[in-house]
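# Chain and residue survey
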Amino acid sequence: MKRQSASKNVVPFLQTANYYFKKGNHYYQQNKLEKALLFFKKTIEVEPDNALHHYNLACLLSRMGYLEKANNIFSFIVHQMDPTLTECYFLMAINYGL
């Protein structure tokens, strides 16, 4: 009897960006920010052209105190992704004030 390779029995675990956002938001609400960060970064890996995923990551980074990193992302959003996401300007101003 011929043995099947293990790779034929493996089911790929592919999730949507929405799945990763929900998981990240869950951890965010529990104040487990490092775990939330992992999932928010994953949303960008899955959908790199979605400005809202970048926005959520920047907001989380702001909350974690990484203000310069957050502002870099906010700037990237308004200059290269979606200039109509004007909330980024407001949040950049707050970060600069801090």
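Throughout this description, residue numbers start from 1 for each chain and increase along the sequence as written. Where totals are concerned, whole chains, interfaces and linings use all residues; where local detail is concerned, this predicted model gives features only for residues with pLDDT of at least 70, and gives and counts side-chain atom pairs only at 80 or more. To obtain the side-chain values, all non-hydrogen atoms of the structure were used and water was disregarded.

Strands here are runs of E lasting at least two residues and helices are runs of H or I lasting at least four, both read from the DSSP assignment and numbered beginning at the N terminus. Following the sequence through the fold, Asn 95 ends up in helix α5 (residues 87–97). Here the term buried applies to any residue with accessible area under 20% of the maximum for its type, exposed to any over 50%, and partly exposed to those in between, with areas from a 1.4 Å probe on protein chains only. The exposure class of Asn 95 is buried, given its relative accessible area of 8%. Taking the C-alpha atoms as reference points, Asn 95 and Ser 62, 33 residues apart in sequence, are found 7.2 Å from one another. Apart from the residues lying within four places of it in its own chain, the contact partners of Asn 95 are Ser 62, Leu 67, Ala 70, Asn 71 and Phe 74. By definition, residues are in contact when any of their heavy atoms lie within 4.5 Å.

Before going further, it helps to examine the pattern of salt bridges. Only one rule defines a salt bridge in this text: a Lys or Arg side-chain nitrogen within 4 Å of an Asp or Glu carboxyl oxygen. Within this structure, the stated rule accounts for one salt bridge. A salt bridge links Lys 42 to Glu 45; the shortest N-O distance between them is 3.2 Å. On the criterion of helical spacing, the pair formed by Lys 42 and Glu 45 is a turn pair, its members being three residues apart in helix α2 (residues 33–46).

Note on terminology: disulfide denotes any pair of cysteine sulfur atoms within 2.5 Å. Taken as a whole and assessed by the stated rule, the structure comprises zero disulfides. Note on Cys 88: no disulfide assigned, nearest cysteine sulfur contributed by Cys 59 at a separation of 7.5 Å. Assessed through its relative accessible area of 0%, Cys 88 is described here as buried.

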